[in-house]
Amino acid sequence: MPRYVALLGSINVGGNRLTMAELRAAFESEGFTNVETVVASGNVLFDHDERPTRGLEEKLEHLVRAKFDMRSIVAVRSAEEIRSAIEDNPFTGHGADGEVHTVFLDGEVDPAQFRVLVEDQAGRGPERLASGPRALYIDFVGGVAGSRLTGAFLERRLGRRGTARNVRSLARILTKMR
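Only a predicted model underlies this, so the values are computations on that prediction, with no experimental measurement involved. (Residues numbered from 1 in each chain as written. Predicted model: local features only at pLDDT ≥ 70, side-chain atom pairs only at ≥ 80, totals over all residues. Heavy atoms only, no water.)

Caption draft 1: Looking closely at the sheet that holds strand S3 (residues 43–47). Pairing is antiparallel in the open sheet, where four strands are placed in the order S2-S3-S1-S4. Every other strand in the sheet has two partners, leaving strand S2 (33–37) and strand S4 (74–78) as the edge strands with one partner each. Neighbour-to-neighbour, the strand axes of this sheet turn through a mean angle of 20°, independent of strand direction. Looking at chain direction, strand S1 (residues 3–8) and S4 are connected through five bridges and run antiparallel. The residue bridging Leu-7 from the neighbouring strand is Ala-75, located in S4. Set on the sheet, helix H2 (residues 53–68) makes contact with S1, S3 and S4; between it and S4 the angle comes to about 140°. Across the face of the sheet, helix H6 (residues 167–177) comes into contact with S1, S2, S3 and S4 while running at roughly 150° to S1. (Pairing = 2+ DSSP bridges. Helix = DSSP H or I, 4+ residues; strand = E, 2+ residues; numbered from the N terminus. Axes fitted to C-alpha atoms, helices over the stretch in contact; angles between N-to-C directions. Contact = heavy atoms within 4.5 Å.)

Structural data, given as C-alpha cells:
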C-alpha cells in the first residue's frame, strides 16, 4: 500500500490549535492506516490505497473542516514527490536548510503569474524564487521571520494556496516515509 504525507497549512498558528493525537485519531477514524505525525505542525504520514493525490487532498480538507471546524489547505505528496521537492529545489545545498523552503501548492504555477510574482517581489527583500511542479521554491536568504514574502502575498500573485516546509523538515519526513 502506498505511503503518503499530508502537509496541512496553518496548523498550530493563528488560533488553529490542534494536537497531533487528535489529528491522528481523525485520520484513523476515516480508514487511513499506519498514521504517524512528524513535528507538531501538521505533517501526517499515512498508508492508503493508490489514488490521485488531488482526490486525497479534497477528502482531507473536508475531514479537517468537518472534525475541527478549520479551513486548511492539505497538500498530499508521495515519497518520490517529497524527494523531488528536496532534490529539484535549486536552492538546496546553496542556502541554509532552515531557510530553503518548498511551498506545496494546490495546482501548477502559471508562468505568467510567476513572472508577476518575481517582479512584484523585486526590491522587497533578498529572497530567491523558482517554480516547480505544483510547487514554489524559496530561499529566505535573510531568514523567514523578517521576510515580507508572506503566504497571502504569494496566494494573491499566483492564484494558488499553499503550505511551506523547509528542507530540514522535508528530509525528516522523507526518512520516516521509507
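Having seen the structure, we can now continue with the description.
Caption draft 2: Broad picture of the pattern of salt bridges. Under the counting rule described, the total for this entry stands at 14 salt bridges. In this structure, Lys-176 and Glu-36 form a salt bridge, with 3.3 Å as the shortest nitrogen-oxygen distance. Here Lys-176 is found in helix H6, whereas its partner Glu-36 is found in strand S2, with 140 residues between them in sequence. On the basis of relative accessibility, which here comes to 42%, the residue Lys-176 falls in the partly exposed class. Linking Arg-54 and Glu-57 is a salt bridge whose minimum nitrogen-to-oxygen distance equals 2.8 Å. Taken together, the residues span about one helical turn, with Arg-54 and Glu-57 both in helix H2 at a distance of three residues. Each of the salt bridges in this network shares a partner with another, and the network as a whole consists of Arg-54, Glu-57, Glu-58, Arg-77, Glu-81 and Arg-134. (Salt bridge = Lys/Arg side-chain N within 4 Å of Asp/Glu carboxyl O. Buried < 20%, exposed > 50% of the residue type's maximum accessible area, 1.4 Å probe, protein only.)

Caption draft 3: Representation of the packing of aromatic side chains. As enumerated under the stated definition, the model contains four aromatic pairs in all. On the numbers, 5.4 Å between centres and 50° between planes, the contact of Phe-27 with Phe-32 is tilted. Among the aromatic residues, those joined into a cluster by ring pairs are Tyr-4, Phe-27, Phe-32 and Phe-46. The residue whose ring lies beneath Arg-124 is Phe-153, and the NZ or CZ to ring-centre distance is 4.0 Å. (Phe/Tyr/Trp six-rings, centres within 6.5 Å; stacked < 30°, edge-to-face > 60°. Lys NZ or Arg CZ within 6 Å of the ring centre and 35° of its normal.)

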